[in-house]
Structure formats: C-alpha cells, structure tokens
Amino acid sequence: QVQLVESGGGLVQPGGSLRLSCAASGSIFRVAAMGWYRQAPGKQRELVASITSGGTPTYADSVRGRFTISRDNGKNTIYLQMNNANPEDTAVYYCHLPLPGPGMGYWGPGTLVTVSS
C-alpha cells in the first residue's frame, strides 16, 4: 500500500511563487514515475507535470516555463515549484503515482492553491 500526502498549498498573489511537496510511503516510489494533477472548480482534473523515475520531466503547455517538477528519491518526495502564478492556476493540486492498467494508481488527498490578490 502506498500513501501520498501533499503539502504547501495556500494563497499566493498573482506573479508570486509557491512550492508544493508530496511525500510518499513505500519503496515503490524510487522506481515509479510520478505526476502532479490539478482540478479547478467546475473543470476536469488535468495533468500539470510528470517526472520519470530517472528525473525526466514533462509539462502541460499552460505551465511550461513557469512550473518545475523535481524529485528527491532519498526523501521519497516530489516537488512542484510554481513561479509567476496566475489566477488560472487556482485549483486543488493532487499527487499521483500511476500503476499499469487504466485508472490504476494512487492519489493523495490534494492541497488547495488559490492565486488571488
């Protein structure tokens, strides 16, 4: 069983920065790709960024150049550095560890990010 716990959400002003963390239990973390998703009110959950077990990142077009995903396998933790935030980034952010098979994997409970002045 894997448990994921996000932290670091909160209120940030437009143009500001925030760093999200996701701590994972279990040794599978070191060999697993991981992802950050977000869900804004009234919208579907979308992939924001993902990172392979070896540390190769990918980003959604909407955040490329502003967000950075990283991982520390020694701490079983991934991060999402959010820079130059804008109100469209307001959402609940979820950490995800995918497993083979459609819809398989683990999710954290989410952390709310609000971008507002």
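Reading the values: rules and limits
Residues numbered from 1 in each chain as written. Predicted model: local features only at pLDDT ≥ 70, side-chain atom pairs only at ≥ 80, totals over all residues. Heavy atoms only, no water. Helix = DSSP H or I, 4+ residues; strand = E, 2+ residues; numbered from the N terminus. Rg over C-alpha atoms; globule rule 2.2 N^0.38 Å. Buried < 20%, exposed > 50% of the residue type's maximum accessible area, 1.4 Å probe, protein only. Contact = heavy atoms within 4.5 Å. Areas by Shrake-Rupley, 256 points an atom, 1.4 Å probe, with all protein chains shown as cover. Lys, Arg positive; Asp, Glu negative; His and termini not counted. Charge placed at Lys NZ, Arg CZ, Asp CG, Glu CD. Disulfide = S-S within 2.5 Å. Core = buried A, V, L, I, M, F, W, Y, C linked by side-chain atoms within 4.5 Å. Pairing = 2+ DSSP bridges. Axes fitted to C-alpha atoms, helices over the stretch in contact; angles between N-to-C directions. Salt bridge = Lys/Arg side-chain N within 4 Å of Asp/Glu carboxyl O.

Draft legend 1. Looking closely at the overall build of the protein chain. Along the backbone of the protein chain there are zero helices and 11 strands. Reading the protein chain from its N end, one meets helices and strands in the order β-β-β-β-β-β-β-β-β-β-β. Relative to the 2.2 N^0.38 estimate, which gives 13 Å for 117 residues, the radius of gyration of the protein chain is 13 Å and therefore close to what a compact globule would have. Taken over 117 residues, the protein chain has a buried fraction of 38%. Of the contacts made within the protein chain by residues no fewer than 6 positions apart, 54% connect residues no fewer than 24 positions apart. Just so you have it, the protein chain exposes about 6,100 Å², and 51% of that area is on carbon and sulfur atoms. If the 9 positive side-chain charges of the protein chain are averaged to one point and the 6 negative ones to another, these points end up 6 Å apart.

Draft legend 2. Up close: the state of the cysteines. Inspection of the entire model under this criterion finds one disulfide. Disulfide partner of Cys22: Cys95, at an S-S distance of 2.1 Å. Residues Cys22 and Cys95 share a disulfide whose torsion about the S-S bond is about -80°; that sign makes it left-handed. Placement of Cys22 in strand S3 (residues 18–24) and of Cys95 in strand S9 (residues 91–98) is noted, with a sequence separation of 73 residues between them.

Draft legend 3. Region of interest: the nonpolar core. Counting residues in hydrophobic clusters, the biggest one holds 29 residues, and the most contacted among them are Leu4, Leu20, Met34, Trp36, Val48, Leu80 and Tyr93. Only S3, strand S4 (34–39), strand S5 (46–51), strand S7 (67–72), strand S8 (77–82), S9 and strand S11 (111–115) provide two or more residues apiece to this core. For Leu20, the residues in contact, after removing those within four places along its chain, are Ser7, Gly8, Gly9, Trp36, Ile78, Tyr79, Leu80, Met82, Tyr93, Thr111 and Val113.

Draft legend 4. Region of the structure containing the sheet that holds S8. Pairing is antiparallel in the open sheet, where four strands are placed in the order S1-S3-S8-S7. In the strand order of this sheet, the two ends are held by strand S1 (4–7) and S7, each with one partner. Neighbouring strand axes in the sheet, compared pairwise and without regard to direction, differ in orientation by 15° on average. Inspection of the sheet shows S1 paired to S3 by four bridges, in the antiparallel sense.

Draft legend 5. Structural context of the pattern of salt bridges. By the definition in use, this model includes four salt bridges. Notably, a salt bridge pairs Glu46 with Arg38, separated by 2.7 Å at the nearest N-O pair. Asp89 is paired through a salt bridge with Arg66; the nearest N and O atoms lie 2.8 Å apart. In this pair, Asp89 sits in the loop between S8 and S9 while Arg66 sits in the loop between strand S6 (57–59) and S7, placing the two residues 23 residues apart along the sequence.

Draft legend 6. Spatial organisation of unusual backbone geometry. The phi angle at Asn76 is positive, at roughly 50°, despite the residue not being glycine. Examined against the element boundaries, Asn76 turns out to sit in the loop between S7 and S8. What makes Asn76 buried here is its relative accessible area of 11%. Here Asn84, not a glycine, exhibits a phi torsion of approximately 50°, which is positive.

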